[in-house]
Amino acid sequence: MNFFRIIKMAQGLSSYLPGGNFFCPKDSGKTYSARYCYSVWLRHLRMAQVTNKIGQVPSVVAELGPGMSLGVGLAALLTGCEKYYAFDVVRHANVELNLKIFDELIILFTNRTRIPDENELPNVKPFLENYDFPEDILSDELMSLNFSPARLALIRDSIKNEGSAHSLIQYVAPWSEIETIKQGTVDLIISQAVLEHIDDLDHAYAAMRLWLHPSGFLSHQIDFKCHGTAKDWNGHWTYSELTWKVIRGARHYLINRSTYSDHINYLNKNGFLVKHEKKVTTPSTIQKSDLADKFKRMPDSDMNISGVFIQATPFNAHPKLRR
């Protein structure tokens, strides 16, 4: 057994001790800056235009796993979204942080700032061919309406009083119950590096299928890498079930070790049609023979797919969004 694996197993075991998570590596990849949120939202919006030919911002947006920052949803509201659902396992959102991000987003949109690209945010996917501000979707007339003093005040009040009768923001935690919101009412369900942390993916995709309006769509960036649990980027697929149980320890939000093909199978099973995908490929530094029994039947191509951006619609969905 290699030394790196021993360290990871020791960290996992330490998580069962009082204060043991102190010794476990924290998720340093999550960024809560306004520029990050601005870039994520506009990348998904631009890709939605390319894939689904939308010419407007979806009316009702749901985000999976926003964490402390609701910045992606705030960017959606500032561009014309009428309702934003934040779905998380536990409540993380910080009002002061979100008010700060909101004010910074206002400046970015007011200046029609170019979308931060891979030079500034090299780990954020998907990459775009054009990072110019999407004026073809967000016209000056539309942005003037979105930035009226009354609407900005309503969004600001929604941050402070999410969940109130007049709030544009509904923060739902935990979101595991399918009955969380009315079926068929969401136009877009979005996530950024979140689905790799959800254990019951079948249940998650089933919930998304019920929440989504027949003309709505999913937009997910998914990361399949080991998140620091192995020496090789895909080394987590070499661990036996027992070894992985020890490495995971008492941590509830590590990674699920699902592959690209797993997600495609869950999408198909739950009634989704993949409209567009952008795979992130990284040469594998492990051999097929190194894989644990659970993963030995994975397609050879999965060995080199370290991430994917997927947009999908329900079967037989009309391409236009409802209003």
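As the structure is a computational prediction, the values presented were derived from the model and not from experiment. (Residues numbered from 1 in each chain as written. Predicted model: local features only at pLDDT ≥ 70, side-chain atom pairs only at ≥ 80, totals over all residues. Heavy atoms only, no water.)

## Observations regarding the overall build of the protein
Okay, step 1: Scanning the protein from terminus to terminus reveals 9 helices and 7 strands.
Okay, step 2: By principal-axis analysis of the C-alpha atoms, the protein measures approximately 60 × 45 × 40 Å.
Okay, step 3: Buried residues in the protein amount to 54% of all 323 residues.
Okay, step 4: Summarising the internal contacts of the protein: among those between residues at least 6 apart in sequence, 77% fall at separations of at least 24.
Okay, step 5: Total accessible area on the protein is roughly 15000 Å²; 55% of this is exposed by carbon and sulfur atoms. (Helix = DSSP H or I, 4+ residues; strand = E, 2+ residues; numbered from the N terminus. Buried < 20%, exposed > 50% of the residue type's maximum accessible area, 1.4 Å probe, protein only. Contact = heavy atoms within 4.5 Å. Areas by Shrake-Rupley, 256 points an atom, 1.4 Å probe, with all protein chains shown as cover.)

## Examining the confidence of the model for the protein
Okay, step 1: With 92% of its residues at a pLDDT of 70 or more, the protein shows a mean pLDDT of 90.
Okay, step 2: Of all the helices and strands in the protein, helix H1 (residues 3-14) carries the lowest mean pLDDT, 78, while helix H3 (residues 71-78) carries the highest, 98. (pLDDT = per-residue confidence, 0-100.)

## Here we look at unusual backbone geometry
Okay, step 1: That bond from Lys125 to Pro126 is cis: its omega, 0 degrees, falls within 30 degrees of zero.
Okay, step 2: With an omega dihedral of 0 degrees, the bond running from Ala173 to Pro174 counts as a cis peptide bond.
Okay, step 3: Looking at where Pro174 falls in the secondary structure, it is placed in the loop between strand E3 (169-172) and strand E4 (186-192).
Okay, step 4: Although it is not a glycine, His227 adopts a positive phi angle of roughly 55 degrees.
Okay, step 5: Structurally, His227 can be placed in the loop between strand E5 (212-223) and helix H8 (241-248).

## Digging into the layout of surface pockets
Okay, step 1: Quantified by volume, the second largest pocket comes out at close to 320 Å³.
Okay, step 2: Lining the second largest pocket we find 20 residues, and of these Arg257, Ser258, Asp262, Lys294 and Phe295 sit closest to its centre.
Okay, step 3: Those elements that provide at least two residues to the lining of the second largest pocket are H8 and helix H9 (260-269).
Okay, step 4: Residue contributions to the lining of the second largest pocket peak at 4 residues, all from H9.
Okay, step 5: Tallied by class, residues from the lining of the second largest pocket come to 7 nonpolar, 5 polar and 8 charged. (1 Å grid on protein atoms, 1.4 Å probe; cavity = no way out; pocket = protein on both sides within 12 Å on 5 of 7 lines; lining within 4 Å. Points joined across faces, edges and corners; volume = space filled by probe spheres on them. Nonpolar A, V, L, I, M, F, W, Y, C, P; charged D, E, K, R; others polar.)

## Section: the sheet that holds strand E1 (residues 60-64)
Okay, step 1: Reading across from one edge, E3-E2-E1-E4-E5-E7-E6 is the order of the 7 strands in this open sheet, with mixed pairing throughout. Both outer strands of the open sheet, E3 and strand E6 (272-281), are each paired with one neighbouring strand and no more. Taking the axes of each pair of neighbouring strands and ignoring which way they run, one obtains an average angle of 15 degrees across the sheet.
Okay, step 2: Direction of pairing for E1 relative to E4: parallel, over a ladder of 3 bridges. Of the residues in E4, the one forming a bridge with Ala62 is Ile189. (Pairing = 2+ DSSP bridges. Axes fitted to C-alpha atoms, helices over the stretch in contact; angles between N-to-C directions.)

## Digging into the packing of helix H7 (residues 201-211) against H9
Okay, step 1: Here H7 crosses H9 at 40 degrees, and the two axes come no closer than 9 Å. Classified by the angle between their axes, H7 and H9 sit oblique to one another. The two elements H7 and H9 cross, and the hand of that crossing is right-handed. Residues Leu201, Asp202 and Tyr205 of H7 pack against His263, Tyr266, Leu267 and Lys269 of H9.
Okay, step 2: Among the residues making up the contact of H7 with H9, the classes are represented as 4 nonpolar, 1 polar and 2 charged. (Parallel < 35°, antiparallel > 145°, perpendicular 65-115°, else oblique. Left-handed = near helix turned anticlockwise from the far one by under 90°.)

## Some words on the packing of helix H2 (residues 34-52) against H3
Okay, step 1: Here H2 crosses H3 at 60 degrees, and the two axes come no closer than 8 Å. In terms of their interaxial angle, H2 and H3 are classed as oblique. Crossing geometry of H2 relative to H3 is assigned as right-handed. Two secondary-structure elements touch here, H2 through Cys37, Val40 and Trp41 and H3 through Gly71, Val72, Ala75 and Ala76.
Okay, step 2: Grouping the constituent residues of the contact of H2 with H3 by class yields 6 nonpolar, 1 polar and no charged.

## Some details on the packing of aromatic side chains
Note on aromatic pairs: each is described by the distance of the centres and the angle between the planes.
Okay, step 1: Taken as a whole, this structure holds 9 aromatic pairs when the rule is applied.
Okay, step 2: Ring pairing ties together the aromatic residues Tyr38, Phe109, Phe133 and Phe147, which thus form one cluster.
Okay, step 3: For the cation-ring pair, Arg91 lies above Tyr171, with the distance from its terminal atom to the ring centre recorded as 4.8 Å. (Phe/Tyr/Trp six-rings, centres within 6.5 Å; stacked < 30°, edge-to-face > 60°. Lys NZ or Arg CZ within 6 Å of the ring centre and 35° of its normal.)

## Quick look at the pattern of salt bridges
Okay, step 1: This structure, assessed with the given rule, holds 15 salt bridges.
Okay, step 2: Taking the shortest distance from any N to any O, the salt bridge between Glu277 and Lys279 comes out at 3.7 Å.
Okay, step 3: When its relative accessible area of 28% is taken as the criterion, Glu277 is described as partly exposed.
Okay, step 4: Overlapping salt bridges bring together Arg114, Asp117 and Asp132 as one network. (Salt bridge = Lys/Arg side-chain N within 4 Å of Asp/Glu carboxyl O.)

## A few points about H8
Okay, step 1: If you check which residues of H8 are buried, you get Thr243, Trp244, Val246, Ile247 and Arg248.
Okay, step 2: Buried residues belonging to H8 abut H1.
Okay, step 3: Directly beyond the C-terminal end of H8, a positive phi value near 60 degrees is found at Gly249.

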